[in-house]
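# Fold and contact review
Listed below, chain by chain, are the residues.
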Amino acid sequence: MEVIVKDNVEEMSKTAARVVARTLNAKPDAVLGLATGSTPLGLYKELVRMHEDEGLDFGQVTTFNLDEYVGLTQKDEQSYHYFMHENLFKHVNIPLSNIHIPSGTTDNYAAFCNWYEDRIVESGGIDLQILGIGSDGHIAFNEPSSSLGSRTRIKTLAKQTIDDNARFFDSPDQVPVYAITMGVGTILEAGKLILLANGAHKADAVAQAIEGPVTSMITASALQLHDDVMYILDREAASKLKMLDYYEWVQDKMVDAP
Ligand code: PGA
């Protein structure tokens, strides 16, 4: 695993965007796994800039989003469909037919979840998955106690997540209670994982995910089992890491590594 600590959220976002761009340059038809929330906003802004200024091409890219609120239509401004179109898709040239986001309004969730898993496999699997982390240590909506082998399914949100996400809604009781989410097992099958985190409010979750035991109580800790993970953090989110000096030493020395 690689832990990269940047001075601020802008640098964190640009570093992640460079990794995405490298992936697309090496494999123009790459399959990207995408996340929503405040954390990846700077990454998407930078990818849009790279598309506009540097011709970064998304013409053959396929995407799969991690999750969606149950009950929100695609046009609902709080839905992750809306978020993705507003912040990325409408600004770049990803063919609409290549975009996959879990449905929050299907009439058969079990069948939809199976279909979503099958589509990921049929697309050749996710090459690069972007992740945020919840203050309760979740990845996607895999709340504490989610099975580390879980697949795409409906989850009941934790109270802490509802409180955290209430800032996007008029009141906490408008936050949906259920979400459809890729499972931890689904996420671990991606070729490469990037977990982004910024802000002091993420420092405890980040420290537990990277340096704590692998446990379903912090589902981001399951990333320790993956062989190609990059954690890109700002200094505040990294502030509770015990091995911080070592991670920075490694980054320093990597240039000359044999
Ligand atoms: P945030 O959410 O980026 O809005 O902090 C992260 C998450 O819950 O995964």
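Anything mentioned here points back to the structure above.
Not measured: the values here are computed from a predicted model.

Definitions and cut-offs
Here, residues in each chain are numbered from 1, in the same order as that chain's written sequence. The model is predicted, so local features are restricted to residues of pLDDT at least 70 and side-chain atom pairs to those at 80 or more, both for listing and for counting; the totals for chains, interfaces and linings are taken over all residues. Side-chain numbers here rest on the full set of heavy atoms in the structure, without hydrogens or water. Here, proximity means that at least one heavy atom of the residue falls within 4 Å of the molecule or strand. Under this definition, polar contacts are N or O atom pairs within 3.5 Å; protein pairs additionally need one hydrogen-donor-capable and one acceptor-capable atom, and for neighbouring residues in sequence, both atoms have to be side-chain atoms. Here the open area of atoms and residues is found with the Shrake-Rupley method and a 1.4 Å probe, where only the protein chains shown may cover a residue. Here the term charged refers only to Asp, Glu, Lys and Arg, the term nonpolar to Ala, Val, Leu, Ile, Met, Phe, Trp, Tyr, Cys and Pro, and the term polar to all other amino acids, Gly among them. Only buried residues count toward a nonpolar core. Its members are Ala, Val, Leu, Ile, Met, Phe, Trp, Tyr and Cys residues joined through side-chain atoms within 4.5 Å. Only protein chains enter the calculation, and the probe is 1.4 Å; a residue is then buried if its accessible area is under 20% of its type maximum, exposed if over 50%, and partly exposed in between. Secondary structure elements follow DSSP: runs of H or I of four or more residues count as helices, runs of E of two or more count as strands, with numbering from the N terminus. Here, residues are in contact when the closest pair of their heavy atoms is within 4.5 Å. Helix axes use the C-alpha atoms of the stretch in contact, all axes being lines fitted to C-alpha atoms, and the angles between their N-to-C directions lie in the range 0 to 180 degrees. The scheme is simple: roughly parallel for angles under 35 degrees, roughly antiparallel for over 145, roughly perpendicular for 65 to 115, oblique for anything else.

This next bit is on the site of the ligand. Neighbouring residues of the ligand: Gly-37, Ser-38, Thr-39, Gly-132, Ile-133, Gly-134, His-138, Arg-167 and Lys-202. Within the backbone of Ser-38, one N or O atom sits 2.9 Å away from an oxygen atom of the ligand. In the environment of the ligand, an oxygen atom lies 2.9 Å from a nitrogen or oxygen atom belonging to the side chain of Arg-167. Bound to the protein, the ligand loses 86% of the 280 Å² it would expose on its own. Residue composition of the shell around the ligand, grouped by class: one nonpolar, six polar and two charged.

Another point: the nonpolar core. Judged by nonpolar contacts, the single largest core of 75 residues is most densely connected at Leu-43, Leu-47, Leu-88, Leu-195, Leu-233 and Leu-241. With seven residues, helix 1 (residues 9-26) is the single largest residue contributor to this core. Setting aside chain neighbours within four positions, we find Leu-233 in contact with Val-3, Ile-4, Val-5, Lys-6, Met-12, Ala-197, Val-206, Ile-210, Ala-238 and Leu-241. Phe-141, Ile-162, Phe-169 and Val-175 belong to the second-largest nonpolar core, a separate cluster that totals 10 residues.

Moving on, we get to the packing of helix 2 (residues 41-54) against helix 3 (residues 80-87). In contact at an axis separation of 10 Å, helix 2 and helix 3 are set at 40° when each is read in the N-to-C sense. In terms of axis orientation, helix 2 runs oblique to helix 3. When helix 2 is examined against helix 3, the residues Leu-41, Tyr-44 and Val-48 are found in contact with a partner set consisting of Phe-83, Met-84 and Asn-87. Grouping the constituent residues of the contact of helix 2 with helix 3 by class yields five nonpolar, one polar and no charged.

Read these as layout, nothing more, since geometry by itself doesn't imply function.
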